[in-house]
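An overview of the molecular structure
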Amino acid sequence: MQDPKLPLLLINEVGGTLGVLEAHVPFLKKHFQLITMKEFLESKECYRAQVQAIYSWWHKPVIDRELLKSLPNLKVISSAGVGTDHLDLKLISGFGVRIANTPHAVHSTTADIGMALLLAAARRLVEGCQIAVSSDTGYFSNNWLGEEVTGATLGIIGMGSIGYKIAQRARAFEMKILYHNRNRRKEDEEQAVGACYCGAIEDLLQQSDFVMLVVNLTPRTYKLIGKKELQLMKPTASLINISRGQVVDQDMLVEALQTGVIKSAAMDVTYPEPLPRDHPLLKLKNVIITPHVGIKTHKTTFMITEEAVSNVLAALNGLPMPSEVFPD
Ligand SMILES: O=C(O)C(=O)CO
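Residues numbered from 1 in each chain as written. Predicted model: local features only at pLDDT ≥ 70, side-chain atom pairs only at ≥ 80, totals over all residues. Heavy atoms only, no water.

Taking an unreviewed UniProt entry as the reference, the protein is identified by name as Glyoxylate reductase/hydroxypyruvate reductase belonging to Podarcis muralis.

In structure tokens, the structure reads:
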């Protein structure tokens, strides 16, 4: 039962692969009437004037000119997660619609995945698990070695709130931390995690044992890591990507991994997602790929919905949103 006095929030679907989690629906219904894309498309005319907000999970629903034109009273799009690369920010704000994401909800859990991938790459955990369970395994070899994390150098590219959380975690592993970012952090913030700023990305690539990508996907960061950048890395180094697949030139990465230009890669993101089943990255032993699970814990997904709701309520009341996003 929906309360007709509440504002109408458009969502992709409930449950399903790309829908709002079913467990969050009672919470959403305290604040909104919900309508799914299917219901909207089936009876567009009856809902078009009423929809005031959209809650988008990743790239669903697709928010294009046609949808925006069909919603004259839309005030806000609240997007789950931190990345807004699936939204055309200029187009949306051109319609007078405000945009928000949920950075506060996701920074810790995404940093955790970054560290999990770093540790897994360093100690070859996925390969190790396969050895442990394989029917061919007769003994555990003393020559099967990984890399040390303690004391190693971590280069973080993108030192926003997730990058900084990674630095905090890496400090506990006694890592030496370098970072590259559009804006240098304040001195006391650098000191708190022992991070050194590299103005030139090349210096960071040359010196790091682990390079972690934490940037947003923008035209500036598209294929930021290509052949030249991979060649600057140490042959013993690992590349960790928790940003977006398109930040790396994947063809060049395959080549670098096949020819020993770098030691390994661990990625929570690829392009596309999932990769085609015959993609060469899926055939390499020195690659770890997880299915974009950066934010996927029970607690974080609920915190995302809470932050998304706060954003919408603020926008509908004409107030500053906790996490508003503006076009560049
Ligand atoms: O928050 C996001 O945009 C993520 O992709 C987290 O993995």
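Read on for the rest.
This next bit is on the nonpolar core. Tyr 55, Leu 118, Leu 154, Ile 156 and Ile 166 are the most contacted members of the largest nonpolar core, which totals 55 residues. When residues in this core are grouped by element, the largest group, 10 residues, is from helix H6 (residues 103-122). When residues are assigned to domains, this core turns out to be shared by domain 1 (8-105 + 297-317) and domain 2 (107-289), each giving three or more. Apart from residues no more than four positions distant in its own chain, Ile 166 is found in contact with Ala 111, Met 115, Leu 154, Ile 156, Met 212, Val 214 and Ile 242. With 28 residues, the next largest nonpolar core counts Leu 213, Leu 239, Val 247 and Ile 262 among its residues. (Core = buried A, V, L, I, M, F, W, Y, C linked by side-chain atoms within 4.5 Å. Buried < 20%, exposed > 50% of the residue type's maximum accessible area, 1.4 Å probe, protein only. Helix = DSSP H or I, 4+ residues; strand = E, 2+ residues; numbered from the N terminus. Domains from an automatic or database assignment. Contact = heavy atoms within 4.5 Å.)

A separate point is the domain arrangement of the protein. Under the domain assignment, the protein is made up of domain 1 (8-105 + 297-317) and domain 2 (107-289). Placing the centre of domain 1 and that of domain 2 at their C-alpha centroids yields a distance of 32 Å. Opposite the nine residues of domain 1 that make contact, domain 2 presents five residues. When the two sides are added together, the surface that domain 1 and domain 2 hide from each other amounts to roughly 600 Å², 48% of it contributed by carbon and sulfur. The largest contributions to the domain 1 side of the interface with domain 2 come from Val 82, Asp 85 and Pro 103, which together make up 52% of the buried area. Scanning the region where domain 1 abuts domain 2 turns up one salt bridge. Here domain 1 and domain 2 share three residue pairs in polar contact (both at pLDDT 80 or more) between them. Sort the elements by how many residues they give to the side of domain 1 that touches domain 2 and H6 lands first, with three residues. Residue composition of the side of domain 1 that touches domain 2, by class: four nonpolar, four polar and one charged. (Buried area = accessible area lost by both parts, 1.4 Å probe. Salt bridge = Lys/Arg side-chain N within 4 Å of Asp/Glu carboxyl O. Polar contact = N/O pair within 3.5 Å; in protein donor to acceptor, adjacent residues only side chain to side chain. Nonpolar A, V, L, I, M, F, W, Y, C, P; charged D, E, K, R; others polar.)

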